[in-house]
Amino acid sequence: MEDRERKPYAQVSDEDLIERFQQGDSQAYDQIVRRYKDQLLNFVFRFLANAEEAEDVVQETFLRVYRNRFAYTRVAKFSTWIYTIAGNLARTELRRRKRRRLFSISTDMGLEDRDFEISDDAFNPELHVDSALQEELIQREISKLSPKFREVIILRDVQELSYEEISKIIRVPIGTVKSRVNRARLRLQVRLKTLLEQRKK
Amino acid sequence: MNTCESFSESFSEYVENDVHPEQRKSLDAHLAQCPNCHAAVARLQNLRTHMRALPRMKTSPDFDTLLRASLMLERKRAHAIPFFSEFVRMPRAATYAFAGFVLLLAAAMLIRGGQGAEAFAKRAQHEELNVSSFYQPATNSSTSSEKIFFPLDKIRPASLHTQPDLNAMNERETRPDSVKESTTNSTGPQLKTTTF
């Protein structure tokens, strides 16, 4: 019974789902949540590098979708709209965190890891890099990128979105998106030189 | 070195197979003779594979429960102020239009209110003169009914009269024909008799 009810929703496009939701169908909203919660979490987590904060941001994203459902019009793709909301909230969270850090540094007089700027040479190249460590290394380097480079490389290489969609999400021309992705990749391939060459061997 | 830098600007497109055939030819030629750029391109290809292979995050098991709770609060909040919840549900353009209309209405009321007050003040001033000219003799008459220097008996309404002349009434009852006489002959406040 449940499957028969769910099947149409699973086949419905995102744009039709939000339209149904605008007409008062709460099941359409549930389907949107089901479709986007993990991919948005993945995007926000790679951006913030903190699972708890990322989950809060995704919760807030869905609340915003609920609250502002009538603000969506079919002019834009639904995925573009929801990614824009999540991206804006993630950037806000990043700024908030920076403010918090500034405050904690001034009060605690503590120094954080990022102040030491550990170079790649600090890691032993002979070290066997297991997948968990690989992930940690990559994530660490992604987090070192400035937000504007970080956002585009995650959207392109992790979420695998098209340049066109990324340009709509962050409201920047396609040419700029391409050049940002290129610069971010060049930076990462230098910083992760050891890892990337080791893999090759 | 400069050529390496300029070539590096198209590395991403090269890796993604998104370059013009001519550009690809010149890049291939450069990569064949530049080991540094060749290695960089190889690392870029590898990087993309690594990025795609990063483990996909999943929401925690209580994600849906938390969201449902937040939505319930949201609904409660909306129901608490039904007017505003309806207002929020309106499309943005309609909301702005409504807000604009309210502002215009307020402005119009302010302007009209100002003019109205002025007009009222003028009217009041004018009426005040009339009122005082009408009531001044009446106040005088209430204090001393004998000192009548104004033919008030002709304009004063019956309700303003004090005690009716009982003698005159009795006279009228007993001798209805002589009412006119009695009224003219009776002393005291003459005003009262005219109304009967």
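In this text, all values refer to a predicted model and were calculated from it rather than measured experimentally. (Residues numbered from 1 in each chain as written. Chains lettered and ligands numbered in written order. Predicted model: local features only at pLDDT ≥ 70, side-chain atom pairs only at ≥ 80, totals over all residues. Heavy atoms only, no water.)

Asks: For this particular structure, what's the right way to read the overall build of chain A?
Replies: Assigned secondary structure in chain A consists of 10 helices and 0 strands. Counting helices and strands in the order they occur from the N terminus, chain A gives α-α-α-α-α-α-α-α-α-α. Residues counted as buried form 46% of the 201 residues belonging to chain A. Within chain A, contacts between residues separated by at least 24 positions form 61% of all contacts whose residues are at least 6 apart in sequence. Here chain A displays about 11,000 Å² of accessible surface, and carbon together with sulfur accounts for 49% of that area. (Helix = DSSP H or I, 4+ residues; strand = E, 2+ residues; numbered from the N terminus. Buried < 20%, exposed > 50% of the residue type's maximum accessible area, 1.4 Å probe, protein only. Contact = heavy atoms within 4.5 Å. Areas by Shrake-Rupley, 256 points an atom, 1.4 Å probe, with all protein chains shown as cover.)

Asks: How should the interface of chain A and chain B be read in this particular structure?
Replies: Often, the extent of an interface is quoted as the loss of accessible area on bringing the components together. Between chain A and chain B, the residue contacts involve 42 residues of the former and 37 residues of the latter. Counting every contact that joins chain A to chain B gives 9 salt bridges. Salt-bridge contacts for E74 of chain B lead to R67 of chain A; the nearest nitrogen and oxygen are separated by 2.9 Å. Across the chain A-chain B interface, the total number found is 22 residue pairs in polar contact (both at pLDDT 80 or more). (Salt bridge = Lys/Arg side-chain N within 4 Å of Asp/Glu carboxyl O. Polar contact = N/O pair within 3.5 Å; in protein donor to acceptor, adjacent residues only side chain to side chain.)

Asks: Explanation requested: the nonpolar core in the structure shown.
Replies: Note that soluble globular proteins tend to have their nonpolar side chains buried in a common cluster. If you look at the biggest cluster of nonpolar residues, it comprises 78 residues, and the most contacted ones within it are F62 of chain A together with F11 of chain B. Broken down by element, this core gets its largest block of residues, 12 residues, from helix α3 (residues 26-48) of chain A. With residues up to four places along the chain from it excluded, the contact list for F11 of chain B reads N182 and L186 of chain A together with L27, L31, C37, A40, V41 and L44 of chain B. (Core = buried A, V, L, I, M, F, W, Y, C linked by side-chain atoms within 4.5 Å.)

Asks: Any chance you could explain the side chain of R156 of chain A here in plain terms?
Replies: The topology assignment puts R156 of chain A in helix α7 (residues 147-158). Setting aside its immediate chain neighbours within four residues, R156 of chain A contacts L161, S162, Y163, I166, V181 and R185 of chain A together with E16 and R48 of chain B.

Asks: How should helix α9 (residues 174-191) of chain A be read in this particular structure?
Replies: Because the α-helix completes a turn every 3.6 residues, residues three or four places apart line up on one side. Compared with the 26 Å implied by 1.5 Å per residue over 18 residues, the 26 Å span of α9 of chain A between its first and last C-alpha is a close match. The complete set of buried residues in α9 of chain A reads V177, R180, V181, N182, A184, R185, L186, L188 and Q189 of chain A. (Expected span 1.5 Å × (residues − 1).)

Asks: Would you mind showing me how to read the state of the cysteines here?
Replies: Put plainly, two cysteines are in a disulfide when a covalent bond ties their sulfur atoms together. Residue and element names in this part refer to chain B. The full count for this structure, using the stated rule, is 0 disulfides over all chains. Free cysteine C34: the closest other cysteine sulfur is in C37, separated by 3.6 Å. Owing to a relative accessible area of 11%, C34 belongs among the buried residues under this scheme. On the basis of relative accessible area, C37 is assigned to the buried category, the value being 6%. (Disulfide = S-S within 2.5 Å.)

Asks: Help me understand the packing of aromatic side chains in this model?
Replies: How two aromatic rings sit relative to each other is set out by the distance from centre to centre and by the angle between their planes. Residue and element names in this part refer to chain A. Counted under the stated rule, the structure contains 9 aromatic pairs over all chains. Ring centres 5.7 Å apart and planes at 45° place the aromatic pair F21 and Y66 in the tilted group. Of this pair, F21 sits in helix α2 (residues 14-22) while Y66 sits in helix α4 (residues 51-67), and the two are 45 residues apart along the sequence. Ring centres of Y72 and F78 lie 5.8 Å apart, and the angle between their planes is 75°; on these two criteria the pair is classed as edge-to-face. One Lys or Arg, R150, reaches over the ring of F47 and ends 5.2 Å from the middle of that ring. (Phe/Tyr/Trp six-rings, centres within 6.5 Å; stacked < 30°, edge-to-face > 60°. Lys NZ or Arg CZ within 6 Å of the ring centre and 35° of its normal.)

Asks: Where do I start with α7 of chain A in this structure?
Replies: Residues and elements named next belong to chain A. The element α7 is extensively covered by neighbouring structure, given that 10 of its 12 residues are classed as buried. Every buried residue of α7 is listed here: F149, R150, E151, V152, I153, I154, L155, R156, D157 and V158. Phi for E160, located one or two positions after α7, is positive at around 55°.

Asks: What am I meant to see in unusual backbone geometry here?
Replies: Most peptide bonds take the trans configuration, and most residues that are not glycine carry a negative phi. Positive phi values are uncommon outside glycine, yet A49 of chain A reaches one of about 60°. Checked against the element boundaries, A49 of chain A lands in the loop between α3 and α4. Note on A49 of chain A: relative accessible area 35%, which makes it partly exposed. Positive phi, close to 60°, is recorded for N17 of chain B, a residue that is not glycine.

Asks: How should the environment of V181 of chain A be read in this particular structure?
Replies: One can find V181 of chain A in helix α9. Since its relative accessible area comes to 0%, V181 of chain A is described here as buried. Between the C-alpha atoms of V181 of chain A and I154 of chain A, which are 27 residues apart in sequence, the distance is 9.1 Å. Beyond its immediate chain neighbours, meaning those up to four positions away, V181 of chain A contacts V152, I153, R156 and Y163 of chain A together with S12 of chain B.

Asks: Which parts of the structure should I look at to understand the pattern of salt bridges?
Replies: Between side chains of opposite charge, pairing is possible as soon as their charged atoms come close. Inspection of every chain in the model, using the stated rule, returns 25 salt bridges over all chains. When the shortest N-O distance is used, the salt bridge between R156 of chain A and E16 of chain B registers 2.5 Å. With one member in each of two chains, R156 of chain A in helix α7 and E16 of chain B in the loop between α2 (11-15) and α3 (21-33) form a pair that bridges those chains. On the basis of relative accessible area, R156 of chain A is assigned to the buried category, the value being 16%. For E16 of chain B, a relative accessible area of 16% translates into the label buried. Among the salt bridges present, the one from K178 of chain A reaches D18 of chain B, with a minimum N-O distance of 3.2 Å. Here D18 of chain B lies in the loop between α2 and α3 and K178 of chain A lies in helix α9, a pairing that spans two chains.

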